[in-house]
Structure formats: C-alpha cells, structure tokens
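Residue-level listing of the chains:
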Amino acid sequence: MTKFGRCAQIRTLDVANGEGIRVSVFVTGCSHGCKGCFNAAYQDPAYGDRWTDAQTEALIAALARPQIAGLTLLGGEPMENLWLVPVLEAVREQVDTNIWIYSGYTFEEILRDPAKRALLALTDVLVDGPFVEAEKDLRLAFRGSANQRILDVKESLKTKSPVFRA
C-alpha cells in the first residue's frame, strides 16, 4: 500500500469547484489559516479519513463516467499533501481528464518548491492565492476572493510566469 494522507470528503458530482460536472476531493491539512476560511475544519491534518489505494481506484472509476468534466483538488491545502502526486499519476495513466487545484500558495511560490512543482505539473488549472476575507466577492466564478487567479498551468509553466485562463 502506498502512503497517503487524509481526505475530508469526495464529491462525485460537483458543479461549484471548476467547469462542468466534476469529481472534487477535499484533502485535509493547511497551514495558511485564512481568516474566514469556508473549510476551517479541514485545516487540521488529522481530520478526515486516511486515503487508500481503493479510494484511488474509486476515484478513477468516478472520473471515467462520460458526464464528468474533470477532477478538482481542494481542501485543506493540496500543495501540502504531496501524497497526491502518485494519485494524479494514476489518474493521468488511466483517464483522459482535466485537473484543477485550489491552493493558497501563489504560482510563484509553488515554482520555488520542487515538490510542489511536481504536483503542479500534473494539473491543468490552478486557482492560486490565499482567501482574503476583505476581498471576498460571491460574484466571482470559481474563486472566493478577488486576489485569487485562475491560471492555465501548462502555459504558465512554459513561460515561468502566470498565464490567466481564458
């Protein structure tokens, strides 16, 4: 069995966290401590259930359904859950899907950390930056505060600078 972290919930039909109908995995553990975090309980790395190889297999099966547009990872902080790398590698090997990650780290911060960069390289879209309660705007699509950016990861990695998603 591969060593994995924890997951608070899996939504197999989610329309709130990325484009289309998605499978969303909420990991636990986050050191940002954003004021007004909508998942404050998920900041605790001991919260939730341990991820297993069986959950990886179930995730892949859920993503293979024709109505599913992709996978979203959020939490908690995916970039502090690097056990996700082999999970995403397995997903990439078996399913043609797009992957979004929500992170309180900025693209620039992630680039400076090789381990986080490895997880980023397996994704297509990054919603980056911490949630800032003073910039909260419920009218924004797929983000909680105006400082957060929706980035095209492949193009951003090519240019080594943030490229906004069209």
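Each value, and the rule that gives it
- Residues numbered from 1 in each chain as written.
- Predicted model: local features only at pLDDT ≥ 70, side-chain atom pairs only at ≥ 80, totals over all residues.
- Heavy atoms only, no water.
- Axes fitted to C-alpha atoms, helices over the stretch in contact; angles between N-to-C directions.
- Helix = DSSP H or I, 4+ residues; strand = E, 2+ residues; numbered from the N terminus.
- Parallel < 35°, antiparallel > 145°, perpendicular 65-115°, else oblique.
- Left-handed = near helix turned anticlockwise from the far one by under 90°.
- Contact = heavy atoms within 4.5 Å.
- Core = buried A, V, L, I, M, F, W, Y, C linked by side-chain atoms within 4.5 Å.
- Buried < 20%, exposed > 50% of the residue type's maximum accessible area, 1.4 Å probe, protein only.

Moving on, we come to the packing of helix α1 (residues 53-63) against helix α2 (residues 84-94). The description of two packed helices rests on the angle between their axes and on the distance between the axes. In the contact formed by α1 and α2, the axes pass within 10 Å of each other and the chain directions differ by 40 degrees. The angle between α1 and α2 places the two elements in the oblique class. Here α1 runs over α2; the crossing is right-handed. Of α2, the residues touching α1 (which contributes T56, L59, I60 and L63) are V87, A90, V91 and Q94.

Let us now look at the nonpolar core. Residues V25, W51, L59, L63, L71 and L126 are the most contacted members of the largest nonpolar core, which totals 34 residues. Elements supplying a minimum of two residues to this core: β2 (22-27), α1, β4 (70-75), α2, β5 (98-102), α3 (107-111) and α4 (114-120). Element by element, the count of residues in this core is highest for α2, at 6 residues. Once you skip the residues sitting within four places of it in the chain, V25 turns out to touch C7, Q9, I10, W51, L59, L71, T72, L73 and L74. By size, the runner-up hydrophobic cluster in this structure holds 8 residues, among which are L74, W100, Y102 and V125.

Shape is all these values report; function is a separate question.
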